[in-house]
Each structure stands twice: as C-alpha cells, then as structure tokens.
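So the chains spell out like this:
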Amino acid sequence: MNVRYKLTLWVGVAFVLFLSACVKSDPDDCVSVPKGIDVYFYSLSPCQTDTVYPVDITDLMVGVFDQEGILVTHSEQANVELEKEFFRQLEVSSGLYTVVACSGLGDDSFQVEEWKDGVTTKKDVLFRIKRAGGYAYSLRNKKVFYGESPAVYVAEDQDPDAPFEKATINMQEITNRLSVTVEGLDLSLFDILIESNNGTMNFDGTVAPDEVLAYEPAYVPSTFGFTAFSRCSN
C-alpha cells in the first residue's frame, strides 16, 4: 500500500514538472522574448497648437536611465528624419525608466562627455560649449535640441505580443537667438558682447556651474542702424 502511494506521488511530481517546462521541438524557441522601450520624438512648444517634427533634428543621442538616475543603455543615430512613425527601440529589463535625448551636439563647437552604461548619471555633465580666452565658440547657424520622457514602466511579465512599452519625448530647442539694435552710435568706437554663464548642461537638463562666456555677435545693417545677432545656449 505504501509503495503504491509513493509511486503515485512521484508520477504526480513528474507530471507537474513536465507541464511547467518549455516544450519545443527547437530548443532555441525557449529563449525569453526581449522587452524594452520604443521611443518616439516630436516637438510642441507653448506657442504651438500642433505637434511638429523639426527638420533641424538630423541626428539623435538617446539614453535610458533607471529610477536611480543611472544610464542603463544608449544609442546614437545619424541621418535622422523625424516623422510621426519614427522611433528608436532600446532593450531593457523590467523596471522604471526615463529616456533622455539630444540632437545637434555632433559639432566642433561642443565638448560632449562620453556616455557610459552603468556609470553615467543624470547629474553628470552632458556637454560644454567649447571656449578660448573667455569667448565661446561660434554657435551661428547651429541648433541644439533636448528632451526627456515621462517615466515608463517595463513589466516583468510583459505581453509577448507587445514586449516594448512606448515612451514619447518632446524635443525642444535649447539654443537662443538674441538681437540688439544700436541707434545713434558709431560702432567703430564700441563693441557689443553678450555674456552668459550657462554654457554647460547636465544629462537631466539642468544648467551646470560654469564660467562667464562672451558670445561675439554678427553685425548686420538695419533700419535703425546696426543689429547685433548672437546665439547662445539655453
């Protein structure tokens, strides 16, 4: 009698284990489905009434940060053309994340810090405007864009048919254009300089402490005399 009960128990255990195993003719089919985040990009400022996709965004640097603010993974892409269906896909494990993106930093005017997975944090410096003798490198005809997504959660038991969560980033230009109109002065006797101490930015979009930089403007004739145009960081 005892032998029969033991035999029934062992058969029952084996049957449960068999049902819980991955039963496939090809062992490679048992590999877990990748999951992560699909990142979409757009631009909408307080002055706009509809979403736009800036043609000036021609490259993208995208990084995923965990809830501790540490970079988990990142990617770079050139020759970008934003549109409604454009997205970047990044694989991550389950967890809570935010995604940071920037564009326009692939230029000699900027010193971009290296993105290191598992090391870089949101409080680290993203870029600095290059400078020489207290003057910032020229930003004329240059545009820099930056954005950060709302938090997105990737579940442990993500739906195999939709394993990637959607994140959206509002890309805003962070370079400014200033114009100064001078009337009634002999410009041969004066110099116009625009100074700012916001030439360094962190990964979280905040301005990092920096020295005061002078931005040398370009002069163009105007109705009232001369207008000095300059571009500086946000």
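Residues numbered from 1 in each chain as written. Predicted model: local features only at pLDDT ≥ 70, side-chain atom pairs only at ≥ 80, totals over all residues. Heavy atoms only, no water.

> Which residues make up the overall build of the protein chain, and what values go with them?
In terms of helices and strands, the protein chain carries one helix and 19 strands. When the 234 residues of the protein chain are sorted by exposure, 38% land in the buried category. Of the contacts made within the protein chain by residues no fewer than 6 positions apart, 68% connect residues no fewer than 24 positions apart. By element, 52% of the accessible surface of the protein chain is carried by carbon and sulfur atoms, the whole surface being about 14,500 Å². (Helix = DSSP H or I, 4+ residues; strand = E, 2+ residues; numbered from the N terminus. Buried < 20%, exposed > 50% of the residue type's maximum accessible area, 1.4 Å probe, protein only. Contact = heavy atoms within 4.5 Å. Areas by Shrake-Rupley, 256 points an atom, 1.4 Å probe, with all protein chains shown as cover.)

> Any details on the pairing of strand β1 (residues 36–42)? Residues and values, ideally.
β1 sits mainly inside the fold: six of its seven residues count as buried. Sheet topology note: the β1/strand β12 (residues 164–170) ladder contains seven bridges and is parallel. By the bridge assignment for β12, F41 is matched with I169. Sheet topology places β1 next to strand β4 (residues 87–91); five bridges connect them, and they run antiparallel. In the sheet register, G36 faces β4, and the bridge partner there is E91. (Pairing = 2+ DSSP bridges.)

> I'd like a description of the environment of A167, backed by residues and values.
Examined against the element boundaries, A167 turns out to sit in strand β12. With relative accessibility at 4%, the residue A167 sits in the buried group. Sequence separation of A167 and E148 is 19 residues, and the distance between their C-alpha atoms is 9.6 Å. Residues within four places of A167 in sequence aside, it is in contact with I37, D38, V39, Y40, V99, S149 and V152.

> A description of the confidence of the model for the protein chain should follow, citing residues and the corresponding values.
Looking at the protein chain as a whole, the pLDDT averages 82, with 79% of positions reaching at least 70. This stretch, residues 223–232, has a pLDDT under 50; its non-local contacts, to residues over four places away or in other chains, come to 51 contacts. (pLDDT = per-residue confidence, 0-100.)

> Lay out the sheet that holds β12 with the relevant residues and their values.
Pairing is mixed across the open sheet formed by three strands, whose spatial order is β4-β1-β12. Each having just a single partner strand, β4 and β12 make up the two edges of the open sheet. Strand-to-strand twist in this sheet, taken as the mean axis angle between neighbours without regard to direction, amounts to 25 degrees. (Axes fitted to C-alpha atoms, helices over the stretch in contact; angles between N-to-C directions.)

> Can you explain the side chain of K122? Please cite residues and give values.
Structurally, the position occupied by K122 is in the loop between β6 (110–112) and β7 (125–129). Within the local environment of K122, its side chain forms a polar contact with the side chain of E148, the two groups lying 2.4 Å apart. Setting aside residues up to four positions removed in sequence, K122 forms contacts with F65, G69, T98, V100, E148, N202, F203 and D204. (Polar contact = N/O pair within 3.5 Å; in protein donor to acceptor, adjacent residues only side chain to side chain.)

> How would you explain the sheet that holds strand β16 (residues 200–202) if you had to name every residue and give the values?
Each strand in a sheet pairs with another by means of backbone hydrogen bonds, the pair being arranged parallel or else antiparallel. With respect to topology, three strands assemble into an open sheet ordered β6-β7-β16, the strand pairing being antiparallel. Strands with a single pairing partner mark the edges of an open sheet, and in this sheet they are β6 and β16. Across the sheet, the mean angle from the axis of one strand to that of its neighbour is 15 degrees, orientation sign disregarded. Here three bridges tie β6 to β7, and the two strands are oriented antiparallel to one another. Paired with F110 across the strands is I129, a residue of β7.

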